[in-house]
Amino acid sequence: ASAPSRLIEELQPNLINSVTGAPDPLDTHSLPRYLVFLRGGNFCPICQRFLPSLAKFYNETKPKHPEFEIIYLSCDGNTAAMSKFAKAEGFSWPAVSYQRTGYLSLVIPYFKAPIPQLTVMDRRGKVLITGVGERQNGTIQASAGSGGSTPISGGQSAADALNQFAALLDKPTTEN
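The structure reproduced in this document is the subject of the present report. (Residues numbered from 1 in each chain as written. Predicted model: local features only at pLDDT ≥ 70, side-chain atom pairs only at ≥ 80, totals over all residues. Heavy atoms only, no water.)

Some words on the nonpolar core
Definition in use: Buried Ala, Val, Leu, Ile, Met, Phe, Trp, Tyr and Cys residues that are joined via side-chain atoms within 4.5 Å together make up what is termed a nonpolar core. Only protein chains enter the accessibility calculation, which uses a 1.4 Å probe. A residue is then buried if its area is under 20% of the maximum for its type, exposed if over 50%, and partly exposed in between. Helix and strand assignments come from DSSP, with helices taken as H or I runs of at least 4 residues and strands as E runs of at least 2, each series counted from the N terminus. Any two residues whose heavy atoms approach within 4.5 Å at even a single point are treated as in contact.
Core analysis: the biggest nonpolar cluster contains 32 residues, and Leu54, Phe68, Tyr72, Trp93, Leu118 and Phe165 have the highest contact counts within it. For this core, the secondary-structure elements that each account for two or more residues are strand E2 (34–40), helix H2 (45–61), strand E3 (68–74), helix H3 (79–89), strand E5 (117–122) and helix H4 (158–170). Of all the elements, H2 adds the most residues to this core, at 8 residues. Contacts of Phe68, omitting those with residues within four sequence positions, involve Pro32, Tyr34, Val36, Phe57, Tyr58, Thr61, Lys62, Phe165 and Leu169. Leu7, Leu35, Val96 and Phe111 belong to the second largest nonpolar core, which has 15 residues in total.

Side note on the environment of Ser143
Considering the arrangement of structural elements, one finds Ser143 in strand E8 (residues 139–143). Separated by 103 residues in sequence, Ser143 and Gly40 have C-alpha atoms that sit 9.2 Å apart. Discounting chain neighbours no more than four positions away, the residues touching Ser143 are Cys44, Pro45, Ile46, Pro114, Ile115, Gly148 and Ser149.

Details of the packing of aromatic side chains
This is how it is decided: Between 30 and 60 degrees the pair is tilted, below 30 it is stacked and above 60 it is edge-to-face, where a pair is any two Phe, Tyr or Trp rings, Trp via its six-membered ring, whose centres lie within 6.5 Å.
Applying the stated criterion across every chain yields a total of 11 aromatic pairs. Between the aromatic rings of Tyr34 and Phe165, the centroid separation amounts to 5.6 Å while the plane-to-plane angle is 80°, which identifies the pairing as edge-to-face. Placement of Tyr34 in strand E2 and of Phe165 in helix H4 is noted, with a sequence separation of 131 residues between them. Since its relative accessible area comes to 0%, Phe165 is described here as buried. Measuring from centroid to centroid gives 5.8 Å for Tyr58 and Phe68, while their planes differ by 85°, and the two rings are edge-to-face. Taken together, the positions of Tyr58 in helix H2 and Phe68 in strand E3 put the pair 10 residues apart, joining distant regions of the chain. When its relative accessible area of 15% is taken as the criterion, Tyr58 is described as buried. Taking relative accessible area as the criterion, Phe68 reaches 0% and is therefore assigned buried. These aromatic residues form a ring-pair network of at least three members: Tyr34, Phe57, Tyr58, Phe68, Tyr72, Phe85, Phe91, Trp93 and Phe165.

Let's talk about the sheet that holds strand E7 (residues 134–136)
Quick note on the threshold: Paired strands, as defined in this entry, are two strands with at least two bridges between them according to DSSP. The axes are straight lines fitted to the C-alpha atoms, using for helices just the contacting stretch, and the angles between their N-to-C directions are given from 0 to 180°.
Pairing is antiparallel across the open sheet formed by 3 strands, whose spatial order is E7-E8-E9. Because the sheet does not close on itself, it has two edges, and the strands there are E7 and strand E9 (149–152). The average undirected angle you get between the axes of adjacent strands in this sheet is 45°. Strands E7, E8 and E9 of the sheet are contacted by H2, whose axis makes an angle of about 105° with E8.

Structure follows, in structure tokens:
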């Protein structure tokens, strides 16, 4: 059950530390059961509002639930911009730079929506939960490419997806 999957093998050479830009592969001796992908960028005001709650969730939940890891899929134009954003928002999760996201053929097809997008997969690549943008006055808003906001119909917000993931972590499960 802990053997690397194709998803893990694809991620490993592309993972860097979001703050330092140094290679940051997952520990192959304790692979996470869940991968929480966050696609976002420093230019996105909705991402800027969401990141503090995600960082707080990670810092409070990771010690109790080491079976997950957050992977930041950067939409920032370069690693320096990503690093500056990570430092400002207080996270140092493994990341994939914008330039390397094209190498993630098993992941990127699930990330077509505007940002921020939070998607939870099991370590085999099965999508379990997904959400995009933020809920404002009953409507989901997400950042368009220019950093502006656009309404999204249907679905759930990134915060809703995070809450759903928190509930999943608290359920007793058997290893898949």
